[in-house]
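Close look at the chain arrangement
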Amino acid sequence: MFPAPIQDASAPKRYAYYAAIIIALVCWLMPLLAVILTSLRSLEDFNVGNYWGMPKEWKFSNYADVFRQTPMLRYMLNTVIITLPAVFGAIALATLAGYALAKYRFRGNLLIFCMFVAGNFVPFQILMVPVRNMAVRMGLYDTYWALIFFHLAFQTGFCALFMRNFISTLPNALMESARVEGANEFQIFWNIILPLMRPALAALAVLIFTFIWNDYFWALVLVQSDAVKPVTTGLSALRGEWVASWQLISAGSLIAALPPVAMFFILQRQFISGLTLGAVK
Amino acid sequence: MSSPQQSVSFQSEVAPRRKRRGISIELVPWIFLAPGVIVFAIYVVIPVFQSFWLSLFDWDGLKPTKTFVGLGNYNELFQDEQFWTSLKNNIYWLVVFLLGPVIGLAIAILLNQKVRGMRIVKSLFFFPFVLSGVVVGLVFSWFYEPSHGLLNTILGMFGLPSVSPLSDENLVTPSIIAAGLWPQIAYCMILYLTGLTAVDPEQIEAARIDGARGLKLLWHVIIPQLRPATFIAVVVTIVGALRSFDLVQVMTDGGPFGRSSILAYFMFQQSITNFRMGYGAAIAVVLFLIMSVFIAFFLRHMIRNERG
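Please read all numbers here as calculations on a predicted model, not as lab measurements. (Residues numbered from 1 in each chain as written. Chains lettered and ligands numbered in written order. Predicted model: local features only at pLDDT ≥ 70, side-chain atom pairs only at ≥ 80, totals over all residues.)

Helices and strands together make up the secondary structure of chain B, namely 14 helices and 4 strands. If one aligns the C-alpha atoms of chain B with their principal axes, the spans along those axes are about 80 × 65 × 30 Å. (Helix = DSSP H or I, 4+ residues; strand = E, 2+ residues; numbered from the N terminus.)

Here it is in structure tokens:
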């Protein structure tokens, strides 16, 4: 194991290590701790200049105020409406594509795989004008569908890469024996491959849920009205309205961040296995 | 795009029957591929080419007609001071962002211990990665706030003069990059933590017996074994640096006086704010060409790995 296990070190070294971890962690999370503290502060505190001292009272009602005074709830709901179908669609299409790329040899296989991988890395700006025009022409601009379709299509690239690599690890013997028993190619996919993919599906779902939830650029480009705006552009718009009400901006930011953060803490293992795919080997 | 009719030389290791229910086996992979390939082509592949084409026109995005200007947009771009500022900032981002893998590795080594509670510590180090750019931007805007922000409060405690990171021409870009590094370091850290679990313990023991320890052990034994993690960390960091947009938009809007602009933001500003879609497309093409170098590099590496 590297570095050497700290348990083997002398007691002072061990305590120094624990202290170092705690100090590093506090420094690391400092900007966020500041926001948490501010989100619980009352207006009176700000008025008397008490920015970083002990709050006079803990104002949990700032969070309620965000929902009461702003369309935050609407924004959150919009994000959910956009994110869920896009995640589901991208994973469905990518699973099919990943299976074809992993288990069939045909001319163009590597080329299509490269297309998915390369497409996944392009800067969004090179897609922006055409995608926006397409949305406008199809009458989808400023609707949920503009964002759902784009995210679905774009994430298919990343998911196909992931799925293909995962399905490649499944033994060919499984398919072979199913064929001997007379199953057709689609039955093999549905009855043999798909059930084995549950862990990969979960990992991928958590990961791209976060990607799509956090999207800001496309939300800025493809929608504008409050009725469809997701939480990222919503929050940024609220900031313009609140200007110096940092307790509300802080509370709003934390609310917007909560769903992906909660998802991450609950499904950590899946999340990290999706993210670190390829970090070993 | 290849069409489903294209002939395929099927030579799976498992030889399936040639025909089933009238569907030729050659068609099967294309049926699985079609939906994904079609939507990906519509939303990603074709728009890339459309942007190239569009960059040759003058267009406000509203009028039905576009005016062909040849390379006029590029000509103008190379004379545009804002373009050079943005490009320079992009390079700045790219170089400084490479601290991500370095610091990420350092934190991963610090945390790679089997101690009670370490799992939660690792999660706390990692989770800035799941925050959206908007939230990271707002968190750091408050941290940097000139009159009451925590940064200046801390500087004040040490008797240091206060700074206004986001309105100072020289501080603005490094300050935004620092905010961008926060989630990026977290990502690199998790890649290295995973990589470290796969390091061969026998080699470490052998090296220790030979008297290697500390930095020497790290450099000669550990880092070579972390190559796959390093490769991915560097790739995602470069892509992240060139893709960054959210933080600039949220924290400064490119300001003060366009000093913190980067190509992604400059492009957005020209197309959406100034209604210059053709000019914006030309900026996007430049950004795309820069990225292509890295995409090509990544693909080459991947194909080599495939062919083993």
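Now for the overall build of chain A. The secondary structure content of chain A amounts to 14 helices and 0 strands. Starting at the N terminus and walking to the C terminus, you meet the elements of chain A as α-α-α-α-α-α-α-α-α-α-α-α-α-α. A compact globule built from 281 residues would reach a C-alpha radius of gyration of about 19 Å, whereas chain A, at 24 Å, exceeds it by more than 25%. Split into buried and exposed, the 281 residues of chain A put 47% on the buried side. Counted over contacts in chain A with a minimum sequence separation of 6, partners at least 24 positions apart contribute 75%. (Rg over C-alpha atoms; globule rule 2.2 N^0.38 Å. Buried ≥ 20, exposed ≤ 12 C-beta atoms within 10 Å, placed from the backbone. Contact = placed C-beta atoms within 7 Å.)

With that settled, consider the interface of chain A and chain B. Size of an interface: often given as the accessible area lost when the parts come together. Tallying the contact residues gives 88 residues for chain A and 91 residues for chain B. Each residue belonging to the side of chain A that touches chain B can be placed in one class, and the counts come to 64 nonpolar, 17 polar and 7 charged. (Nonpolar A, V, L, I, M, F, W, Y, C, P; charged D, E, K, R; others polar.)

Turning our attention to the domain arrangement of chain A. All names here are of chain A. As far as domains go, chain A holds domain 1 (6-65) and domain 2 (70-275). Of note, the centres of domain 1 and domain 2, computed from C-alpha atoms alone, are 34 Å apart. On the side of domain 2, 8 residues touch domain 1, which itself brings 8 residues to the contact. Counting residues per element, the ones that place at least two in the side of domain 1 that touches domain 2 are α1 (11-39) and α3 (61-69). When residues in the side of domain 1 that touches domain 2 are grouped by element, the largest group, 4 residues, is from α1. Each residue belonging to the side of domain 1 that touches domain 2 can be placed in one class, and the counts come to 3 nonpolar, 3 polar and 2 charged. (Domains from an automatic or database assignment.)

Nonpolar side chains in soluble globular proteins tend to end up buried together. Counting 179 residues, the largest nonpolar core has Met189, Tyr192 and Leu287 of chain B as the members making the most contacts within it. Once residues lying within four places of it in the same chain are set aside, the contact partners of leucine 287 of chain B are Pro123, Gln125 and Ile126 of chain A together with Leu242, Leu263, Ala264 and Met267 of chain B. (Core = buried A, V, L, I, M, F, W, Y, C linked by C-beta atoms within 7 Å.)

With that out of the way, let us pick up the confidence of the model for chain B. Close inspection of predicted coordinates is inappropriate for parts of the model with low pLDDT. Confidence in the prediction of chain B, expressed as mean pLDDT, is 89, and 93% of residues score 70 or more. Counted against residues more than four places away or in other chains, residues 1-14 of chain B, with its pLDDT under 50, gives 25 contacts. (pLDDT = per-residue confidence, 0-100.)

So, on to helix α6 (residues 133-144) of chain B. The terminal C-alpha atoms of α6 of chain B, which comprises 12 residues, lie 16 Å apart, in line with the 16 Å expected from a rise of 1.5 Å per residue. Judged by how many residues are buried, α6 of chain B sits mostly within the fold: 12 of 12 residues are covered. The complete set of buried residues in α6 of chain B reads Gly133, Val134, Val135, Val136, Gly137, Leu138, Val139, Phe140, Ser141, Trp142, Phe143 and Tyr144 of chain B. In this fold, the buried residues of α6 of chain B make contact with α1, α12 (231-242) and α13 (246-266) of chain A together with α7 (150-157), α8 (172-197) and α12 (246-251) of chain B. (Expected span 1.5 Å × (residues − 1).)

The next subject is the environment of proline 3 of chain A. Along the polypeptide, proline 3 of chain A turns up in the segment before α1. Under the C-beta neighbour-count criterion, proline 3 of chain A is labelled partly exposed, with 17 such atoms within 10 Å. Each C-alpha atom of the pair proline 3 of chain A and isoleucine 266 of chain A lies 29 Å from the other, and the pair is 263 residues apart in sequence. Those residues in contact with proline 3 of chain A, other than ones at most four positions away along the chain, are Ile109 and Asn112 of chain B.

So, on to the domain arrangement of chain B. Residue and element names in this part refer to chain B. Entries for chain B in the domain assignment read domain 1 (19-54) and domain 2 (72-307). Taken over C-alpha atoms, the centre of domain 1 sits 34 Å from the centre of domain 2. Facing 4 residues of domain 1, the contacting portion of domain 2 comprises 6 residues. Counted by class, the side of domain 1 that touches domain 2 contains 3 nonpolar, 1 polar and no charged residues.

Residues and elements named next belong to chain A. Relative to each other, α1 and α13 sit at 115°, their axes nearing to 7 Å. Considering the relative orientation of α1 and α13, their crossing is left-handed. Every residue of α13 that contacts α1 at Val35, Ile36, Thr38 and Ser39 is listed here: Trp246, Gln247, Ser250, Ala251, Ser253 and Leu254. Residue classes in the contact of α1 with α13 are distributed as 5 nonpolar, 5 polar and no charged. (Axes fitted to C-alpha atoms, helices over the stretch in contact; angles between N-to-C directions. Left-handed = near helix turned anticlockwise from the far one by under 90°.)

Before going further, it helps to examine the environment of glutamine 270 of chain B. Residues and elements named next belong to chain B. By the element assignment, glutamine 270 lies in helix α13 (residues 263-273). Residue glutamine 270 is classed as buried on the basis of its C-beta count, with 24 C-beta atoms lying within 10 Å. Glutamine 270 sits 234 residues away from glycine 36 along the chain, and the two C-alpha atoms are 32 Å apart. Not counting residues within four places of it along the chain, the set of residues in contact with glutamine 270 comprises Arg276, Tyr279, Gly280 and Ile283.

Attention now goes to the environment of alanine 241 of chain B. Residues and elements named next belong to chain B. Looking at the element boundaries, alanine 241 is found in helix α11 (residues 227-243). Residues alanine 241 and alanine 229 lie 12 residues apart in sequence; the distance between their C-alpha atoms is 18 Å. If sequence neighbours within four positions are ignored, alanine 241 has contacts with Trp93, Leu94 and Phe97.

Moving on, we get to unusual backbone geometry. For the bond running from glycine 255 of chain B to proline 256 of chain B, omega is -5°, close enough to zero to count as cis. By the secondary structure assignment, proline 256 of chain B is in the loop between α12 and α13. Although it is not a glycine, aspartate 142 of chain A adopts a positive phi angle of roughly 65°. Of the residues examined, aspartate 142 of chain A has 17 C-beta atoms within 10 Å and is grouped as partly exposed. Positive phi outside glycine occurs at phenylalanine 257 of chain B, with the angle close to 55°. Relative to the assigned elements, phenylalanine 257 of chain B resides in the loop between α12 and α13.

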